[in-house]
Amino acid sequence: MSWNLGAGLEGKGIIVTGAAGGIGRACAQALSATGARILAVDLDQAKVDEVVAGLEGTGHLGMAANLGDHATHAQLVERARSAFGNLYCLTHTAAVLRRRGSLDEVTEEDWDLQHDINLKASFFLCRTVATSLIAQGQGGRIILFSSQGWWTGGFGGSVAYAATKGGITSMCRGLARTYGPHRITVNCVSPGQVHTPMLMTGLSPEVYENMKKQTPLGYVAEPSEMAGPVVFLASDHASYITGSTINASGGFLMY
């Protein structure tokens, strides 16, 4: 095995969802630096085109898709396979958060939206990707994103979001058991507080400062600090790791 950081990824096709967001963009950038070819996916074509323009190497693509429409999943896989000649990895960062001040403010529509996008669409996208990887017969990687909320349960109105991320963590383990015989690993990254629009929207300065105080490392992470675990999990270095959740919370949680 080569011991360069992205061992085994050169020339491999990787789908990155949520690629226009903070963590998704950072993952796309880091994975492109390994020599992988990226299909950047998000809701807005202009934004994914901007992401692609900033990636290292050549041959990357951007594709707008609403993952809540499950018909798009097969289209993404087909686009990656036809453009790259293979599909090796799904890095799935796309998610939505409806921040509410209390449980009483959470509406049924809030609940349904977050579960439809964060959990339901994730299951069907993973299944579509895995079906393609099995057909190729060369193994592969699926990397999901949970949240520290899967462990804490969230609080107030964030309970609905945390419930979806608890589902992601459990689903990761089930998918890992199912697809392991096909040499497809399925793992999860669980960020703590990360400086992204999702975190900062509607967040008071006092709460932000309190987050830093509660984190042993003393600061809120940058999106790029979530990309390292993704590159590792996608590479040959993590070939014997599956069903795992990597805690990347700066010590906010310790497990």
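It should be noted that the structure appears before, not after, this text.
This one's a predicted model, so the numbers in the text were calculated from it and none came from an experiment.

Some thoughts on the sheet that holds strand E7 (residues 245-248)
Inference 1: Spatially, the seven strands line up as an open sheet ordered E3-E2-E1-E4-E5-E6-E7, and their pairing is parallel. Two strands in the sheet have a free side with no partner beyond their single neighbour: strand E3 (61-64) and E7. Each adjacent strand pair in this sheet contributes to an overall mean axis angle of 20 degrees, direction not counted.
Inference 2: Pairing geometry for strand E6 (residues 184-191) and E7, over four bridges, is parallel. Note on E7: the bridge partner recorded for Ser190 is Asn247.

Structural notes on the pairing of strand E4 (residues 89-92)
Inference 1: Alternating residues of E4 divide into Cys89 and Thr91 and Leu90 and His92, and every residue in both groups is buried.
Inference 2: Where strand E1 (residues 13-17) and E4 come together, four bridges link them in parallel fashion. Within E4, the position partnered with Val16 by the bridge is Thr91.
Inference 3: In the sheet, E4 pairs with strand E5 (residues 140-145) via four bridges, with the strands oriented parallel. Of the residues in E5, the one forming a bridge with Leu90 is Ile142.
Inference 4: Of the crossover connections in this fold, the one passing from E4 over helix H4 (residues 108-136) to the parallel E5 is right-handed.

Some points on the packing of helix H1 (residues 22-32) against helix H9 (residues 224-234)
Inference 1: It is the contact of H1 with H9, at a shortest axis distance of 8 Å, that shows an interaxial angle of 50 degrees. Between H1 and H9, the crossing angle belongs to the class labelled oblique. As H1 packs across H9, the resulting crossing turns out to be right-handed. Taking contact as the criterion, the partners of Ile23, Ala26, Cys27, Ala30 and Leu31 in H1 are, on H9, Ser224, Met226, Ala227, Val230, Val231 and Ala234.
Inference 2: Here the residues of the contact of H1 with H9 are counted per class, giving 10 nonpolar, one polar and no charged.

Considerations on helix H3 (residues 71-84)
Inference 1: Counted at 1.5 Å a residue, the expected span for H3 with its 14 residues is 20 Å, and the 21 Å between its end C-alpha atoms agrees.
Inference 2: Buried within H3 we find Thr72, His73, Leu76, Val77, Ala80 and Phe84. All buried residues of H3 fall inside an arc of 140 degrees around its axis, so they share one side.
Inference 3: After H3 finishes, the residue Gly85 shows a positive phi value of roughly 85 degrees.

Focus on H9
Inference 1: Where H9 is concerned, the buried positions are Met226, Ala227, Pro229, Val230, Val231, Leu233 and Ala234.
Inference 2: Of the surrounding secondary structure, the elements contacted by the buried residues of H9 are H1, E4, E5, E6 and E7.

What about the environment of Arg79?
Inference 1: For Arg79, the position within the fold is in helix H3.
Inference 2: For Arg79, a relative accessible area of 34% corresponds to the partly exposed category.
Inference 3: In the structure, Arg79 is positioned 160 residues away from Ser239 in sequence and 26 Å away in space, judged by C-alpha atoms.
Inference 4: Among all residues touching Arg79, those that are not within four sequence positions of it are Leu39, Leu61, Gly62 and Met63.

Regarding the environment of Gly228
Inference 1: Its location among the elements puts Gly228 in helix H9.
Inference 2: As for Gly228 and Leu133, which are separated by 95 residues in sequence, their C-alpha atoms are 24 Å apart.

Cut-offs used in this document
Residues numbered from 1 in each chain as written. Predicted model: local features only at pLDDT ≥ 70, side-chain atom pairs only at ≥ 80, totals over all residues. Heavy atoms only, no water. Pairing = 2+ DSSP bridges. Helix = DSSP H or I, 4+ residues; strand = E, 2+ residues; numbered from the N terminus. Axes fitted to C-alpha atoms, helices over the stretch in contact; angles between N-to-C directions. Buried < 20%, exposed > 50% of the residue type's maximum accessible area, 1.4 Å probe, protein only. Right-handed = clockwise from strand over helix to strand, strands pointing away. Parallel < 35°, antiparallel > 145°, perpendicular 65-115°, else oblique. Left-handed = near helix turned anticlockwise from the far one by under 90°. Contact = heavy atoms within 4.5 Å. Nonpolar A, V, L, I, M, F, W, Y, C, P; charged D, E, K, R; others polar. Expected span 1.5 Å × (residues − 1). Arc of directions from axis to C-beta.

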